[in-house]
Amino acid sequence: MPANHFIDLNSLKVEDWGRLVDLAERMRENPEEYNQCCRGKILATLFYEPSTRTQFSFQSAMFRLGGQVIGFDNPGTTSVAKGESLKDTIRMLAGYSDIIAMRHPLDGSALAAAISSDVPIINAGDGGHLHPTQTLTDLVTLSIEKGGFDGHCIGVCGDLWYGRTVHSLIKALSCFNNNRFVLISTKELTVPPYVREVLDKSGCEYSFAETLEEAVPELDVLYMTRIQRERFSSPEEYEAQKGVYVLDGEKMKRAKKDLIVMHPLPRVDEIAVEVDSDPRAAYFRQARYGVFARMALIYTMLSEGLNVRELREGTHIEPGKRCRNKRCVKAFEFDLPDFVHQSSDGLVCGFCEQIVS
Amino acid sequence: MPANHFIDLNSLKVEDWGRLVDLAERMRENPEEYNQCCRGKILATLFYEPSTRTQFSFQSAMFRLGGQVIGFDNPGTTSVAKGESLKDTIRMLAGYSDIIAMRHPLDGSALAAAISSDVPIINAGDGGHLHPTQTLTDLVTLSIEKGGFDGHCIGVCGDLWYGRTVHSLIKALSCFNNNRFVLISTKELTVPPYVREVLDKSGCEYSFAETLEEAVPELDVLYMTRIQRERFSSPEEYEAQKGVYVLDGEKMKRAKKDLIVMHPLPRVDEIAVEVDSDPRAAYFRQARYGVFARMALIYTMLSEGLNVRELREGTHIEPGKRCRNKRCVKAFEFDLPDFVHQSSDGLVCGFCEQIVS
Amino acid sequence: MPANHFIDLNSLKVEDWGRLVDLAERMRENPEEYNQCCRGKILATLFYEPSTRTQFSFQSAMFRLGGQVIGFDNPGTTSVAKGESLKDTIRMLAGYSDIIAMRHPLDGSALAAAISSDVPIINAGDGGHLHPTQTLTDLVTLSIEKGGFDGHCIGVCGDLWYGRTVHSLIKALSCFNNNRFVLISTKELTVPPYVREVLDKSGCEYSFAETLEEAVPELDVLYMTRIQRERFSSPEEYEAQKGVYVLDGEKMKRAKKDLIVMHPLPRVDEIAVEVDSDPRAAYFRQARYGVFARMALIYTMLSEGLNVRELREGTHIEPGKRCRNKRCVKAFEFDLPDFVHQSSDGLVCGFCEQIVS
C-alpha cells in the first residue's frame, strides 16, 4: 500500500522528516515565496471531534499557501449523524477537495480513511493512537530553537503513561544521535514498556526523576504535559504531589540559560502564567511553528508527494485474527481488511496497533 | 416576476438546461480557465437545516471559481434563533454577499426568499418541495456518462411516492426523446398521480416492476434511492421485502455492461458496498459532477444571468385563497403575497404548489 | 499602553474617525481598488457568543479586501470549553492570524485580550459595555446618507437606559457641531445620568419625548431600537405603551422628506414591515455600510495602524481597588492588572468602566 498519505511519522524515512522540517523553515523565512503555491487547491478539514487549535492551524496553513478550506467541526450537524459510513464520507469529500486532514476519536481511523480515499489523507489525530503533525511541529520547533535534533538533554514531564505526544516525540528523537532523556513523573505515570524498549534499542541514555526541581538544571529542552487529576492514585496523593509537576518562576531559576520549554497546549495550570514572559518559554512560538510544519506537509503532499513506501511497515492480512480494542475503527466501520503486523509486543492490529488474538 | 433566481428547474427553458450542462462539462475539462472567474464575489450559504454534502458542494464550487463563501449550517446560533424573519435575514445577507444558496425546511421558502432579495437566490432544497441543483447534477451526470438525455431506459428504484429527487428527474427527462422509465417499487410506494400525468402527457413509455431483479437487465441507467423502514406497510412487510430493493453484486451480474448506477447519496444499505468497486457504480462520480453543475450555475447567475421569464409560470395573486399546507413558508412568514397558479390538479399555492382552498 | 487596537471609539481622535469614514466611502465607491489590499492576511473572528450579523459583516469585509478568515462562533466546541484562559486562546490565535475581531459576553474582555495579543484586536462587542464597530457603521451611514455629522436633529427611540448602541452614538455625535437630540422613550427607560452629563458638557441641545408621534416631524435622523417586553414596568404598562414606540407608515407620513430611519438590526416589531419599502428606511443600507466601515478599519490596522495614544485615557494601576461588576472580565480571568481610571462618576475599573470600591 505505498501511498501519499501522512498517517504515521514512522512510515517516512528520517531523511524525509528533515526535508519537511527544512521546507517549514524556508516557508517561515520567505512566506511570500510560497503564498500562492497551493492556489486553486482545497483542503477539507474533517474534525469528528472538536480541536480548535489543530483545525485553526491547518486552516491558517492552507490560507498561507493561497489555498482554500472546507470542513466541519461539529459532526452532529452532518450526514455522519445520519449513519453514513466513514468510507462514504471520505469518498464524497475526495470529490470536493484535493487533500483531507482528519481528526477522529477512533484509533486507526486515519488509515481506514486512507484506504478509501482518492486524495491524500493527513492524520490530525486518530483517537489515543497517533498525532503525527504535532510531532512534526515539535521537530520544527527543535530545529528553529535549538538548531537540530542531536545532542540534547530532553526532559519530558507529566503523564508519561498515556501521553501520546510524549511517546511520539521520544520515538522520533531516539532516531538521532546523542540525545539523553529525563523522564519526570510519578512512578505510576512513567512511560509504558514499549517506549522503554524503543529507548533501549536506540541506545539513547535515559534516567528517571520524580520531581521537576531535581531534573531542571541539566535540561536543554523541557517538554511539559498535563497530568489529569484522576490519574493520581488517590486524592491524597494528588494533594501531596500537585505542585511537584508545575513549572514556575522559582524552578526556572535553576534552569540553563538556553533551555527551551515546550508544551503541546492547551495548558491548564502545569505551567504558571509568570513563566510566559520568560524568553525560554517556547510554547506559544511552538504553536506558531505548527503552521509552518503543516504548510510544508500540505505543499509536499500536493506537489511531489510523500515518499511513503508502506503506510505501516510489514502490514499484511491475516484473517481470523480479531482486534479486541473497543476504540479501534475496526469495531465500528465495516468492510475493513484484517490488517495485522508484527511488533515487539507480538502481532498487532494494523489499524490501532493493539495486540490481536 | 422575471428574475435571475434558480428556484425551479422548470422556470428555465430546456435549451437553457443544455447550456448549463455544457458549461459544467467545459469547466470539468478546463478547470484552469474558470478558476478566477468569480474572483472578488461572495456566495452566502444559508443552511437552515444541515446538509453537509450539499453545502460542501456549493463551497467547493465557489472556491473552484475563485470566489469566497460566508454562511451558516447551524441556525441555532444565529439571529434566526432570535426570531428574525426570513425576509430580514435575506435582506441583510444580500448586503454582505453577491449570491445566496439557501436550504430551508419549509416548502416554498426559496421563492419567498427570492421575493425579498436584491441578489440571486439558488434553491438548495426547500422542504419536501424541490431540490433543483440535484436534478441539474443528475443531468450533468447523464451527459458525461451516457452522452446525452435521449433514448435511455431509466430505472428508478426505492421510495417513488415521496422521492422528490426521482420526481424531478422524471419530469426533466420526460422533456427529451425516446426515454423509457421502469418504476421499481412496492405498489404502495409507486409514483404519485401527478408524476404519471407528466409521463402520460409527454408520451414517454413507462412500466412498473416490483423487484429490482426483474428490471435490471433492460436498464441503461439505474437511479437508486432509499426506502425508509417506516414506509413499508408493516414490519412483516419490511422483513419480507427488505432485500428486494437492495442492489448487490449478484443483481449487477444481470445488468448491461454500460449500465450506470446513480444515487443522490448518502446511501445507507440500499446499495451493497461490494458494488462500489464496479466501474458502473457512478454515484461517487455523480457527487463530484455536482460541483461542476453548481459552478456552471453560479457563474452563469453572476455573469450573464439566467434566462428566467417567470419564477413560476402563470403565477398571479388571488386573495382569499388559503394554503392549508402546514409545512408551507406561508404559514410562518408574514407579508407574503397570495400567489397561486393553475396546475393539472387545480389551483395551487404559488409557494409550495399544494392545492389551495 | 499606546497600541494598534480598536477597543473604544473614544481612544481615537475625532479626526481619525473622519479618516476611517472617508476611507470607508472610498472603498464603497471604488471596491476594485481595494479588493487585493489584504491579500495573504488572515482575520480571526472569535465569537464567544453568536452574532451572525456582525460575524458575517467582518467576514464579508475581509473577503472584499482579498484576505482570509478563520474563527469560531460556537465556543462549546472549542478548547475554550476545556477551561483555557482568554489570554492563552488569544496568544495561540495571534500565532495563526494577523488581526482578531472578538465578541465576548464579559464587559472589558476586549481590553483584556488586547493586553495579551501580539496582533491587533478589534472589539466586536464586549458584553453590555461597548460595540464600537456599530458606532463606526452609524457614522459611515450618516456621512453617506446625510453628508456629514453636524447640524442634525437626531431622534433616538426605544430602550435608552440599557441601549449601548444609542449611548455610543450620542457620545460620538456630541463631539460635532449643532446637533440636537430628541430622547424618545418612557420615563423609566430614558438615558442614564452619565449620558445626560455627556450631553450637558458638550453643549448639545436635547429634549425628551414620550411618543414617537410627537417627535417625528422635526427629525432629520430617527435611530430606532427595540424595547424588550420585560423592560416595561408592568404587563399593563406594556399593553398600554406597546404601539407608542412602533414606527409605521402612518407615523412616517408626519416625517420630513429627507428623514433617514436607522436601526442596528435585527428588528423585531418596532418597525412595521410596510416601512421597509419607504426610501427613507435606511437600516438595510446601514447594514451594508457596516461592511465598508469594517473594511476601512481592518485595512487601516493592517497597514499604517490606528493612531491610538492610550487604549483608555488616564488608565493607571491602583492596587487594592476592586471591581464589583460580576459581568466584568476581571471576575473571570486571572492575572489582569488592576487598571482604574477617573471618570465623571468617580474611580472606575479600567476594563468595564464600572465604579470600583
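(A) Representation of the relation of the copies chain A and chain B in the model. Superposing chain A onto chain B requires a rotation of 120° together with a translation of 0.0 Å along the rotation axis, leaving an RMSD of 0.0 Å. Classification of the inter-copy transformation places it as that of a three-fold axis. Looking at the rotation axis and the C-alpha trace of chain A, the residue lying nearest is Q68 of chain A, at 5.2 Å. Take the interface residues of chain A: only 12% of them recur as interface residues in chain B, which is what a contact between different surfaces looks like.

(B) Inspection of the sheet that holds strand β1 (residues 42-47) of chain A at higher detail. Residues and elements named next belong to chain A. A sheet is described by the order of its strands in space; here 4 strands give the open sequence β2-β1-β3-β4, paired in parallel fashion. Both outer strands of the open sheet, β2 (68-72) and β4 (121-126), are each paired with one neighbouring strand and no more. Across the sheet, the mean angle from the axis of one strand to that of its neighbour is 15°, orientation sign disregarded. Both β1 and β2 contribute to a ladder of 5 bridges, which runs parallel.

(C) The arrangement of the interface of chain B and chain C in detail. At the junction of the two partners, chain B supplies 25 residues and chain C supplies 23 residues. Buried surface at the junction of chain B and chain C, summed over both partners, amounts to about 2,200 Å²; 52% is from carbon and sulfur atoms. Our count for the contact surface shared by chain B and chain C stands at 4 salt bridges. A salt bridge links E84 of chain B to R53 of chain C; its shortest N-O distance comes to 2.2 Å. At the junction of chain B with chain C, the criterion picks out 8 residue pairs in polar contact (both at pLDDT 80 or more). The set of elements that each furnish at least two residues to the side of chain B that touches chain C consists of β2 (68-72) and α4 (86-96) of chain B.

(D) Molecular detail of the relation of the copies chain B and chain C. When chain B is fitted onto chain C, the two copies agree to an RMSD of 0.0 Å after a turn of 120° and an axial shift of 0.0 Å. A low fraction, 12%, of the interface residues of chain B reappear at the interface in chain C, so the copies pair through non-equivalent surfaces.

(E) Spatial organisation of the domain arrangement of chain A. Along its sequence, chain A is carved into domain 1 (9-131 + 288-303), domain 2 (132-287) and domain 3 (316-349). In this structure, domain 2 of chain A and domain 3 of chain A have C-alpha centres spaced 32 Å apart.

(F) Up close: helix α4 (residues 86-96) of chain A. With 9 of 11 residues buried, α4 of chain A is to be regarded as a mostly interior element. The complete set of buried residues in α4 of chain A reads L86, D88, T89, I90, M92, L93, A94, G95 and Y96 of chain A.

(G) Spatial organisation of the interface of chain A and chain B. Between chain A and chain B, the contact holds 26 residues from the first and 23 residues from the second. For the pair chain A and chain B, the summed buried area comes to about 2,200 Å², and 52% of that belongs to carbon and sulfur atoms. For the interface between chain A and chain B, the tally reads 4 salt bridges. Here D98 of chain A makes a salt bridge to R64 of chain B, at a shortest N to O gap of 2.8 Å. Here chain A is connected to chain B by 8 residue pairs in polar contact (both at pLDDT 80 or more).

(H) Quick look at the pattern of salt bridges. In total, this model carries 45 salt bridges over all chains according to the counting rule given. As a salt-bridge pair, R103 of chain A and E49 of chain A come within 3.5 Å of each other at their nearest N and O atoms. With a gap of 54 residues between them, R103 of chain A in strand β3 (residues 99-104) and E49 of chain A in the loop between β1 and α3 (52-64) connect regions that are remote in the sequence. Taking the relative accessible area as the measure of exposure, E49 of chain A reaches 25% and is therefore partly exposed. Three or more residues are tied together by salt bridges with common partners; here these are K87 and D88 of chain A together with R267 and D276 of chain B.

(I) Inspection of helix α7 (residues 164-173) of chain C at higher detail. Among the 10 residues that make up α7 of chain C, 9 are buried, leaving the element largely enclosed by the rest of the structure. Residues of α7 of chain C that are buried include every one of R164, T165, V166, H167, S168, L169, I170, A172 and L173 of chain C, and no others.

(J) Looking closely at the packing of helix α1 (residues 14-29) of chain B against helix α6 (residues 132-146) of chain B. Residues and elements named next belong to chain B. Axis separation between α1 and α6 bottoms out at 10 Å; the angle between their running directions is 65°. α1 and α6 meet at a crossing whose hand is right-handed. In this structure, α1 uses W17, L20, V21, A24, E25 and R28 to contact α6, whose residues at the interface are L136, L139, V140, S143 and I144. Residue classes in the contact of α1 with α6 are distributed as 8 nonpolar, 1 polar and 2 charged.

Here is what the cut-offs are and how they apply
Residues numbered from 1 in each chain as written. Chains lettered and ligands numbered in written order. Predicted model: local features only at pLDDT ≥ 70, side-chain atom pairs only at ≥ 80, totals over all residues. Heavy atoms only, no water. Least-squares fit on C-alpha atoms with pLDDT ≥ 70 in both. Contact = heavy atoms within 4.5 Å. Pairing = 2+ DSSP bridges. Helix = DSSP H or I, 4+ residues; strand = E, 2+ residues; numbered from the N terminus. Axes fitted to C-alpha atoms, helices over the stretch in contact; angles between N-to-C directions. Buried area = accessible area lost by both parts, 1.4 Å probe. Salt bridge = Lys/Arg side-chain N within 4 Å of Asp/Glu carboxyl O. Polar contact = N/O pair within 3.5 Å; in protein donor to acceptor, adjacent residues only side chain to side chain. Domains from an automatic or database assignment. Buried < 20%, exposed > 50% of the residue type's maximum accessible area, 1.4 Å probe, protein only. Left-handed = near helix turned anticlockwise from the far one by under 90°. Nonpolar A, V, L, I, M, F, W, Y, C, P; charged D, E, K, R; others polar.

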